[in-house]
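Fold and contact review
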Amino acid sequence: MSLLNSCSTARPDAPTANATSNATPAVVTAQLTADQQTTEPVLLFEKTPCFGPCPVYKATIYADGRVQYEGEQNVPLIGKHTLRLPADTVTYIRRQAESMGFGSLRSAYSQNVTDLPSTYLTLRQPDGSLKEVRVEGGAPAELEKLLAYIHRHIKQIAVAKN
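Residues numbered from 1 in each chain as written. Predicted model: local features only at pLDDT ≥ 70, side-chain atom pairs only at ≥ 80, totals over all residues. Heavy atoms only, no water.

Overview of the confidence of the model for the chain
With 77% of its residues at a pLDDT of at least 70, the chain reaches an overall mean of 83. Across residues 1-30, confidence stays below pLDDT 50; counting only partners more than four residues off in sequence or on other chains, it has 53 contacts. (pLDDT = per-residue confidence, 0-100. Contact = heavy atoms within 4.5 Å.)

Okay, structure coming up:
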């Protein structure tokens, strides 16, 4: 299954890594061939609707910083666009995920409140598998901080293009 297919409305279970890798982020990047770094997405970030003005968008991000963005509502940029994050930002995101043991996180964090939007973060693991985590609340502080960081940077590049 490709990472691009994992962002459809019907969410099939994403494959997960069984154990946290001991690979450093530099090794993670090195394990992807040059061709894979430009053709295979390394992460998918998605914000879903709520009953209020929550931002709704999907961003498929590649190691080189390319972002395939689709803004749906309550965002500065509506529709499909190709954006660019600094490659260092993508590397930082991947390092932070690795350092928090993203591969061993639960697949969902929820506070069982019906109005909360979901945030999905899907990362390609060192073994090539995909690990998806859905957050509606109650996630570890490190994960919440990373999600806010990713959202802030995607919003910045969307505003800049608008």
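Considering the side chain of S129
Looking at where S129 falls in the secondary structure, it is placed in the loop between β6 (119-124) and β7 (130-135). Separated by 2.6 Å, the side chains of S129 and D127 make a polar contact. (Helix = DSSP H or I, 4+ residues; strand = E, 2+ residues; numbered from the N terminus. Polar contact = N/O pair within 3.5 Å; in protein donor to acceptor, adjacent residues only side chain to side chain.)

Digging into the packing of aromatic side chains
For any pair of aromatic rings, the description consists of the separation of the ring centres together with the inter-plane angle of the planes. Tallying each qualifying case throughout the model produces three aromatic pairs. Arranged with centres 4.8 Å apart and planes meeting at 50 degrees, the rings of Y92 and Y149 form a pair that is tilted. Within this pair, whereas Y92 is found in helix α3 (residues 87-99), its partner Y149 is found in helix α4 (residues 141-161), the two being separated by 57 residues in sequence. Of the residues examined, Y92 reaches a relative accessible area of 33% and is grouped as partly exposed. Classification of Y149 by relative accessible area gives buried; the value is 16%. The residue whose ring lies beneath R66 is Y62, and the NZ or CZ to ring-centre distance is 3.8 Å. (Phe/Tyr/Trp six-rings, centres within 6.5 Å; stacked < 30°, edge-to-face > 60°. Buried < 20%, exposed > 50% of the residue type's maximum accessible area, 1.4 Å probe, protein only. Lys NZ or Arg CZ within 6 Å of the ring centre and 35° of its normal.)

Here we look at the pairing of strand β4 (residues 79-84)
Put simply, side chains in a regular strand alternate between the two faces of the sheet. Here strand β3 (residues 66-73) pairs with β4 via six bridges, running antiparallel. By the bridge assignment for β4, Q68 is matched with T82. (Pairing = 2+ DSSP bridges.)

Quick notes on α3
In this model α3 runs 18 Å from its N-terminal to its C-terminal C-alpha over 13 residues, within 8% of the 18 Å that 1.5 Å per residue would give. Among the residues trailing α3, G101 stands out with phi positive, at a value near 75 degrees. (Expected span 1.5 Å × (residues − 1).)

Digging into the pairing of strand β2 (residues 56-62)
Burial of β2 is extensive: seven of the seven residues sit out of reach of the surface. Relative to β2, strand β1 (residues 41-47) runs antiparallel, the two being bridged by six bridges. In the sheet register, K47 faces β2, and the bridge partner there is Y57. Pairing of β2 with β3, which is carried by six bridges, proceeds in the antiparallel orientation. Bridging from a neighbouring strand, A59 pairs with Y69 of β3. The turn joining β2 and β3, which pair antiparallel and follow one another in sequence, is formed by three residues; a positive phi near 100 degrees is taken by G65.

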